[in-house]
Amino acid sequence: MTEKDYNDCVNLYADKVYRFILKNLRHEEDARDVVQTAFERLWRNRKEVDGAKSKSYLFTVAYHEMIDHLRKIKRTHLQEEFREEVKTGVQPSEDLKKILEEAMLRLNETQRALVTLKDYEGYSYEEIGEITGLTQSQVKVYLHRARLHLKQWLVSMENII
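Within each chain, residues carry numbers counting from 1 in the order of the written sequence. In keeping with the model being predicted, local features are shown solely for residues with a pLDDT of at least 70 and side-chain atom pairs are shown and tallied solely at 80 or more, while totals for entire chains, interfaces and linings include all residues. To obtain the side-chain values, all non-hydrogen atoms of the structure were included, while hydrogens and water were left out.

Asker: Kindly report on the overall build of the chain, identifying the contributing residues and their values.
Answerer: Regarding its fold elements, the chain presents eight helices and zero strands. Burial analysis of the chain (161 residues in total) assigns 35% to the buried set. Contact between two residues is taken to exist if any of their heavy atoms lie within 4.5 Å; hydrogens are not considered. Counting contacts in the chain only where the partners sit at least 6 residues apart, residues at least 24 apart contribute 65% of the total. Here, Shrake-Rupley sampling with a 1.4 Å probe gives the accessible areas, and only protein chains in the shown set may cover a residue. Roughly 9,900 Å² of accessible area belongs to the chain as shown, and the carbon and sulfur atoms make up 48% of that amount. Per the convention used, a helix needs a DSSP run of H or I reaching at least four residues, while a strand needs a run of E reaching at least two, with both numbered from the N terminus. Throughout, exposure labels follow a simple rule: accessible area from a 1.4 Å probe, protein chains only, divided by the maximum for the residue type, with under 20% read as buried, over 50% as exposed, and the rest as partly exposed.

Asker: A description of the layout of surface pockets should follow, citing residues and the corresponding values.
Answerer: Cavity: a set of points on a 1 Å grid over the protein atoms alone where a 1.4 Å probe fits but cannot get out. Pocket: an open set with protein on both sides within 12 Å along at least five of seven lines, its lining residues, like those of a cavity, having an atom within 4 Å of a point. Grid points are joined across faces, edges and corners, and a volume is the space filled by probe spheres set on the points. Empty space within the second largest pocket amounts to approximately 250 Å³. In this structure, the second largest pocket is lined by Leu22, Lys23, Arg26, His27, Glu28, Lys97, Leu100, Glu101, Met104, Leu105, Arg112 and Tyr120. For the lining of the second largest pocket, the elements supplying multiple residues, two or more each, are helix 1 (3-25), helix 5 (96-105) and helix 6 (109-120). Of all the elements, helix 5 adds the most residues to the lining of the second largest pocket, at five residues. Residues are grouped as follows: Ala, Val, Leu, Ile, Met, Phe, Trp, Tyr, Cys and Pro are nonpolar; Asp, Glu, Lys and Arg are charged; all remaining types, including Gly, are polar. Per-class residue counts for the lining of the second largest pocket are five nonpolar, one polar and six charged.

Asker: Mind laying out unusual backbone geometry, listing which residues take part and the relevant values?
Answerer: In this structure, Arg26 takes a positive phi of about 60° despite not being glycine. The residue Arg26 is located in the loop between helix 1 and helix 2 (28-44) in this model.

Asker: Can you tell me about the packing of helix 1 against helix 3 (residues 54-73), naming the residues and giving the values?
Answerer: Interaxial distance between helix 1 and helix 3 falls to 10 Å at its minimum, and their mutual angle equals 30°. Here helix 1 is positioned roughly parallel relative to helix 3, judged by the angle of their axes. In terms of crossing hand, the pair formed by helix 1 and helix 3 is right-handed. Residues Cys9, Tyr13, Lys16, Val17, Phe20, Ile21, Asn24 and Leu25 of helix 1 form the contact with helix 3, whose participating residues are Ser54, Lys55, Leu58, Phe59, Ala62, Tyr63, Met66, His69 and Leu70. Between the N-to-C directions of two axes lies an angle of 0 to 180 degrees, each axis being a line fitted to C-alpha atoms and, for a helix, fitted only over the stretch in contact. In what follows, roughly perpendicular refers to angles from 65 to 115 degrees, roughly parallel to angles under 35, roughly antiparallel to angles over 145, and oblique to any angle outside these ranges. The sense of a crossing depends on the near helix, which, turned anticlockwise from the far helix by less than a right angle, makes the crossing left-handed and, turned clockwise, makes it right-handed.

Asker: Requested: an account of the pattern of salt bridges, with residues and values cited.
Answerer: Throughout this description, the term salt bridge denotes a Lys or Arg side-chain nitrogen within 4 Å of a carboxyl oxygen of Asp or Glu. For the coordinates displayed, the defined rule picks out eight salt bridges. Note that Lys4 and Asp8 form a salt bridge whose closest N and O atoms lie 3.0 Å from each other. A residue pair is termed a helical-turn pair when its members lie 3 or 4 positions apart in one helix, as Lys4 and Asp8 do in helix 1 at four residues. By relative accessible area, which is 29% here, Asp8 ends up partly exposed.

Asker: Explain helix 1 to me, and be specific about the residues and the numbers.
Answerer: When the local axis directions of helix 1 are compared, the greatest deviation, roughly 50°, occurs at Tyr13. Within helix 1 the residues assigned to the buried category are Tyr6, Cys9, Tyr13, Val17, Phe20, Ile21, Asn24 and Leu25. At the C-terminal side of helix 1, Arg26 shows a positive phi close to 60°. Two axes enter the definition of the bend at a residue: one is fitted to the seven residues ending there, the other to the seven starting there, and the bend is the angle between them.

What follows is the structure in structure tokens.
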């Protein structure tokens, strides 16, 4: 990968990688740090990375950096806030976006990443497998289970409202 290829990669994928990481971390500064680290690793390894596979490489690195970050931080304060919100119940006036975000928080890290990559970013099962290190079959199964979990939670919320 040349310096020009790297700069093109930054221009093409910086926003997409940032949105993907931000959707999962839900913290802007942490998302920026993870994305910056991913681009730094791409720069350091640019001689070994094929320019045609730079997108896959970048998302894979960003995904693994995000997982490492989540393991280090263990966002207990967000979990506590979520528990408090669940205790107060969902108000009918809340908009759909907030309800969907709450539902996404109920998923584990892998499920949340898969739903984000497939349903929000539009990646194929094959591309998601390359990014996450899972097989296509695993991606399909985990994604199916995540969607079922989301559906069950959303239906239970509908019954409360």
